[in-house]
Amino acid sequence: MFDEIRDLYQEVVFDHNRNPRNFRVMEDATRKIDGFNPLCGDRITLYIKVNDGIIEDVSFQGSGCAISTASASLMTEIVRGQSEEQAHEWFELFHRITTGQDERASFEELGKLAVLAGVRAYPARVKCATLPWHSLEAALKNEAESVSTE
Amino acid sequence: MSGFDPGRIRADFPILGEFIHGKPLIYLDNAASTQKPRAVIEATSRVYEHDYANVHRGVHTLSQRATDLFEGAREKVRAFINAGSDKEIVFVRGTTEAINLVAQSYGRANIGAGDEILITAMEHHSNIVPWQLLCQQTGAVLKVAPMNQAGELILDRFELSERTRLVSVAHMSNALGTLNPVKRIVELAHGRGVPVLLDGAQAVPHGAVDVQALDCDFYAFSGHKLYGPSGIGVLYGKAKLLDAMPPWQGGGDMIRMVTFERSEYNTLPYKFEAGTPDIAGAIALGAAIDYLQGIGMEAIAEYEQRLLHYATEKAKAIRGLKIIGEAAEKGAILSFTLEHVHPHDIGTLLDQLGIAVRAGHHCAMPVMDFYRVPATTRASFACYNTFEEVDALIEGVQQIIEVFG
């Protein structure tokens, strides 16, 4: 019934939505940021612990749709242990792909994250996928406590 | 049901023949905006093809024709809500502008520091933010009357104080569907000499409104939720109040005489209609009203109530579905949440089935906070919706639950 949309709602998305990874409050976070999508009311609180330029730990809390939850969950898995610079590059790549600036058909270097490339076909949902990443980018830049997709 | 034929009504709406993702469109986002019947679409083109010029200005024939049609539309609006006079019908861009007009004109002239404006817990942002702006400008205070879990106003706690200067209440809630006891509210407020604005954006398409019977002081609604065009709306105000209010925008058409020293303002309703109005929009709104009166607002209300009841019963049978807004008196809105499935996902998946619903906070974030949900899915019905479409919605929701496991 939902065949056409399976390119977006893949099993990986359902899995991460049901059991989001690193879904917890982090008491010893070095930075904490609230992300908000005013369009749909999705909220995310992102915690990161940065030591010597390395993201030692990353976690999130909040309520969102399957796309934003899966995106946040996958993001935490990817950027943990990476340098701030590497995480920023991931943000750039993910942003280019989900907003259609990079039109390649497959994204092997994205690994598991590639499932979210399908969001390109659903402009109304792009912000769901990018909210966690915008929050991360803001946290890396050490910006104000709250970030919005608008 | 004699006379009411949704099949015939559907044939009047060209857009209902659209296919979305290969499926016939099922449009259940009517509380956001309704679709337009051919009569409205044709009225719009007819103005531009045959009768268009600026209004209230020219001595030439076309300007006279456009003016007659424009003023004719005002008369249709007057009759539709049973206002006492054409002077009480001010054309604006929509409900939002109407409320802002009252806030900035009536409000700034009559409400001062420490005075109170009373709204309810179920208001749309457009009946919250204009008052917050006014409060910032004047030092007035915004008070909020509470509702219960069903989404009904708690009348015992609808308390006016010595300082209440204005009451502004949704006739029908866009997020919950609740129909408020507006006649009673007007009585309560008038008992203390306080005027009442009713936000009629949601109520007007779903039943007959009689502003004189309600005795409200202001009534605001939008054309686009009433099967008319977007960009046109109406502020009804009692002549006595409108007369005493200062203009809120200056410009052409709202003046009688201008020198560099001073200006004399035009009479009602033109005092509040600065600049060239949405001429074709107003005329097309008149066409929408003609169309609706051809069907009959009572018949529409009765049919929609049956649809709502049917949808509600079916929805209740779905495990994990929670209806948000269960007031005893409701208009045709079914707002709900599903366990484990976010409204945004429901919206995207239903769209795959050709079903258009709204997923989000419905510009009523305080209502979402009250129910502690980030958002809801909202199916809102119009006179062209059918019982089969309700079945498709319910079927779609069940499939979504299966997919999400």
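Residues numbered from 1 in each chain as written. Chains lettered and ligands numbered in written order. Predicted model: local features only at pLDDT ≥ 70, side-chain atom pairs only at ≥ 80, totals over all residues. Heavy atoms only, no water.

The secondary structure content of chain A amounts to four helices and four strands. Reading the secondary structure of chain A in the N-to-C direction produces α-β-β-β-α-α-α-β. Here the C-alpha atoms of chain A give a radius of gyration of 14 Å, agreeing with the 15 Å that 2.2 N^0.38 yields for 150 residues. With the C-alpha coordinates of chain A rotated into their principal frame, the extents come out at 45 × 30 × 30 Å. Across the 150 residues in chain A, those meeting the buried criterion constitute 53%. (Helix = DSSP H or I, 4+ residues; strand = E, 2+ residues; numbered from the N terminus. Rg over C-alpha atoms; globule rule 2.2 N^0.38 Å. Buried < 20%, exposed > 50% of the residue type's maximum accessible area, 1.4 Å probe, protein only.)

Looking only at helices and strands, chain B features 13 helices and 17 strands. Relative to the globule expectation of 22 Å for 405 residues, the C-alpha radius of gyration of chain B, 22 Å, shows essentially globular dimensions. Dimensions along the principal axes, computed over C-alpha positions, put chain B at roughly 75 × 55 × 35 Å. Burial statistics for chain B: of 405 residues in total, 57% are counted as buried. Considering only residue pairs separated by 6 or more positions, chain B has 71% of its internal contacts joining residues 24 or more positions apart. When the accessible surface of chain B is split by element, carbon and sulfur atoms take 51% of a total near 16000 Å². (Contact = heavy atoms within 4.5 Å. Areas by Shrake-Rupley, 256 points an atom, 1.4 Å probe, with all protein chains shown as cover.)

Residues and elements named next belong to chain B. Spatially, E4-E10-E9-E8-E7-E5-E6 is the arrangement adopted by the seven strands of the open sheet, whose pairing is mixed. Across the chains shown, the open sheet's two edge strands, defined by having one partner strand only, are strand E4 (89-92) and strand E6 (141-145). Strand-to-strand twist in this sheet, taken as the mean axis angle between neighbours without regard to direction, amounts to 20°. Across five bridges, strand E9 (residues 218-222) lies against strand E10 (residues 233-237) in antiparallel orientation. (Pairing = 2+ DSSP bridges. Axes fitted to C-alpha atoms, helices over the stretch in contact; angles between N-to-C directions.)

Looking now at the domain arrangement of chain B. Where the parts come together, the accessible area they lose is often given as the size of the interface. Residues and elements named next belong to chain B. The assigned domain composition of chain B is domain 1 (6-30 + 296-404) and domain 2 (41-294). Between the C-alpha centres of domain 1 and domain 2 there is a distance of 28 Å. Between domain 1 and domain 2, the contact holds 36 residues from the first and 33 residues from the second. The largest per-residue losses of area from domain 1 upon contact with domain 2 belong to Met-297, Ile-333 and Phe-370, which jointly make up 23% of the total buried on that side. Across the domain 1-domain 2 interface, the total number found is zero salt bridges. Where domain 1 meets domain 2, there are 18 residue pairs in polar contact (both at pLDDT 80 or more). Put simply, the parts of the chain that give the side of domain 1 that touches domain 2 at least two residues each are helix H10 (297-316), strand E14 (333-338) and helix H12 (365-371). By residue number, the principal contributor to the side of domain 1 that touches domain 2 is H12, which donates six residues. In terms of residue class, the side of domain 1 that touches domain 2 is made up of 23 nonpolar, six polar and seven charged. (Domains from an automatic or database assignment. Buried area = accessible area lost by both parts, 1.4 Å probe. Salt bridge = Lys/Arg side-chain N within 4 Å of Asp/Glu carboxyl O. Polar contact = N/O pair within 3.5 Å; in protein donor to acceptor, adjacent residues only side chain to side chain. Nonpolar A, V, L, I, M, F, W, Y, C, P; charged D, E, K, R; others polar.)

Per-residue confidence for chain A gives a mean pLDDT of 87, with 93% of residues at or over 70. Across chain A, helix H2 (residues 66-79) of chain A holds the top mean pLDDT of 95, while strand E4 (residues 146-148) of chain A sits lowest at 58. (pLDDT = per-residue confidence, 0-100.)

Here we take up the packing of aromatic side chains. All names here are of chain B. This model, assessed by the stated rule, comprises 17 aromatic pairs over all chains. Consider the rings of Tyr-227 and Tyr-384, whose centres lie 5.9 Å apart with planes at 85°: the pair is edge-to-face. Taken together, the residues span a long stretch of sequence, with Tyr-227 in the loop between E9 and E10 and Tyr-384 in the loop between strand E17 (376-380) and helix H13 (387-404) at a distance of 157 residues. Comparing Tyr-227 with Tyr-384 shows no difference in burial state: the two are buried. One aromatic cluster in this structure is built from Phe-4, Tyr-303, Tyr-310 and Phe-387. (Phe/Tyr/Trp six-rings, centres within 6.5 Å; stacked < 30°, edge-to-face > 60°.)

As a further point, take the pattern of salt bridges. Throughout the structure, instances matching the rule amount to 29 salt bridges over all chains. Two residues, Asp-15 of chain A and Arg-21 of chain A, come together in a salt bridge whose shortest N-O distance is 2.7 Å. The exposure class of Arg-21 of chain A is partly exposed, given its relative accessible area of 24%. Between Glu-162 of chain B and Arg-192 of chain B there is a salt bridge; the shortest N-O distance is 3.0 Å. Taken as a pair, Glu-162 of chain B in the loop between E6 and strand E7 (164-170) and Arg-192 of chain B in the loop between helix H6 (182-190) and strand E8 (196-199) lie far apart in primary sequence, 30 residues in all. On the basis of relative accessibility, which here comes to 65%, the residue Glu-162 of chain B falls in the exposed class. The structure contains a network of salt bridges with shared partners spanning Asp-15, Arg-21, Glu-77 and Lys-112 of chain A.

Residues and elements named next belong to chain B. Among the five residues in strand E5 (residues 116-120), five count as buried, and that is most of the element. Neither face of E5 is exposed, since Glu-116, Leu-118 and Thr-120 on one face and Ile-117 and Ile-119 on the opposite face are all buried. Strand direction decides the pairing type here: E5 and E6, joined by five bridges, are parallel. Note that in E6 the partner of Leu-118 across the bridge is Lys-143. The handedness of the E5 to E6 crossover, carried by helix H5 (residues 129-138), is right-handed. Of the strand pairs in this sheet, E5 and E7 are connected by three bridges, and their pairing is parallel. Paired with Leu-118 across the strands is Val-167, a residue of E7. (Right-handed = clockwise from strand over helix to strand, strands pointing away.)

The interface of chain A with chain B comprises 25 residues on the first partner and 20 residues on the second. With both chains or domains summed, chain A and chain B bury close to 1800 Å², and 61% of this area falls on carbon and sulfur atoms. Summed over the shared surface of chain A and chain B, the number is one salt bridge. Linking Arg-125 of chain A and Asp-345 of chain B is a salt bridge whose minimum nitrogen-to-oxygen distance equals 3.0 Å. At the surface where chain A touches chain B, the tally comes to seven residue pairs in polar contact (both at pLDDT 80 or more). Of all elements in the fold, only helix H1 (11-18), strand E2 (42-51) and H2 of chain A reach the threshold of two or more residues within the side of chain A that touches chain B.

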